[in-house]
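Listed here are the chains, written in short residue letters.
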Amino acid sequence: MERNLENPLTQMRKSVEKLGSSIESYGKKTLMRFLIARSMNPEKAARMFCQWKKWRAEMVPLGYITDSEVADELAAEKIYLQGLSKNGHPVVMVKSNKHFQSKDPVQFKKFVVHILDKTIASSFNGREIGNEKLIGIVDLQKITYSNADLRGMITGFQFLQAYYPERLATCYLLHMPQFFVTIWRFICRFLDKATQQKVRIVTSEEQKEEFIREVGEDVLPEEYGGRPKLVLLQDVAVNY
């Protein structure tokens, strides 16, 4: 298997160099995420990789987004980081009824990056492997139309697709109200097939039990069938 992967990896490296960039300091597992996201096409993967490097340099010049850059979004206390699932994936949660469309689109985009980077960083101790994945839980309980931020959800998923390829293990949607079904169908127009397949809408008791089993009672907060308390994103320390 390893030998079969060498050819597309080698071709991708050459394609990246032709585009005037370099894969220096990036390991196989990182490059493989881009290849998988582009159906093992080395040229397409190379373009995606180069676009990602350019975006990171512009969006995250320090290598991470500081709390002070997203202070308004953090103040809403809507994002929680719960530790590692049974399969070792960091679990990030959002309580959607605490979210309202941002008045500062730039800060919101930085907040999305802050969430994703910090969640991924929480799964390793100072050394990134390159293939870490995360589990997202979106709780839609008690939301109203004012919480249903289409642009925000689309931005989050598009960032995952374009700049965090193969980082999403599963995204669970909980307590989806009837009015949100139409909204979700609209959002799905902006999601690629691979992303849609990773989204699970939890409704039945059987699905709830499977959700608890897959994530783990040691990670899920009490109100979701687990044991620990909710832990705010800003209360978790990580090494980037």
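Sequence order as written defines residue numbering, which begins from 1 separately in each chain. Where totals are concerned, whole chains, interfaces and linings use all residues; where local detail is concerned, this predicted model gives features only for residues with pLDDT of at least 70, and gives and counts side-chain atom pairs only at 80 or more. Side-chain metrics rest on all non-hydrogen atoms present in the structure, leaving aside hydrogens and water.

Colleague: Account for the pairing of strand β3 (residues 134-139), naming residues and giving values.
Modeller: Note on classification: 1.4 Å probe, protein chains only; a residue is buried when its accessible area is under 20% of the maximum for its type, exposed when over 50%, partly exposed between these limits. A run of H or I in DSSP counts as a helix once it spans at least four residues, and a run of E counts as a strand once it spans at least two, with each numbered from the N terminus. Burial analysis of β3 places 6 of its 6 residues in the buried class, the great majority of the element. Both faces of β3 are covered, namely the face carrying L134, G136 and V138 and the face carrying I135, I137 and D139. Pairing between strand β2 (residues 90-95) and β3: 5 bridges, direction parallel. Bridge pairing links K95 to D139 in β3. DSSP calls a pair of strands paired once it identifies at least 2 bridges connecting them. Relative to strand β4 (residues 168-174), β3 is paired through 6 bridges, and the arrangement is parallel. From the neighbouring strand, L134 faces β4, where its bridge partner is L168. For a crossover, the right-handed case is the one in which the path from the first strand over the helix to the second runs clockwise, viewed with the strands pointing away from the viewer. Read from β3 through helix α6 (residues 150-163) to β4, the crossover connection turns out right-handed.

Colleague: Account for the pairing of β2, naming residues and giving values.
Modeller: Most of β2 sits out of view: 6 of its 6 residues are buried. Strand direction decides the pairing type here: strand β1 (residues 79-84) and β2, joined by 4 bridges, are antiparallel. Bridge assignment links Y80 to a residue of β2, and that residue is M93. Taking the residues that link successive antiparallel strands as the turn, the β1-β2 hairpin has 5 residues, and the phi of G88 there is positive, at about 85°.

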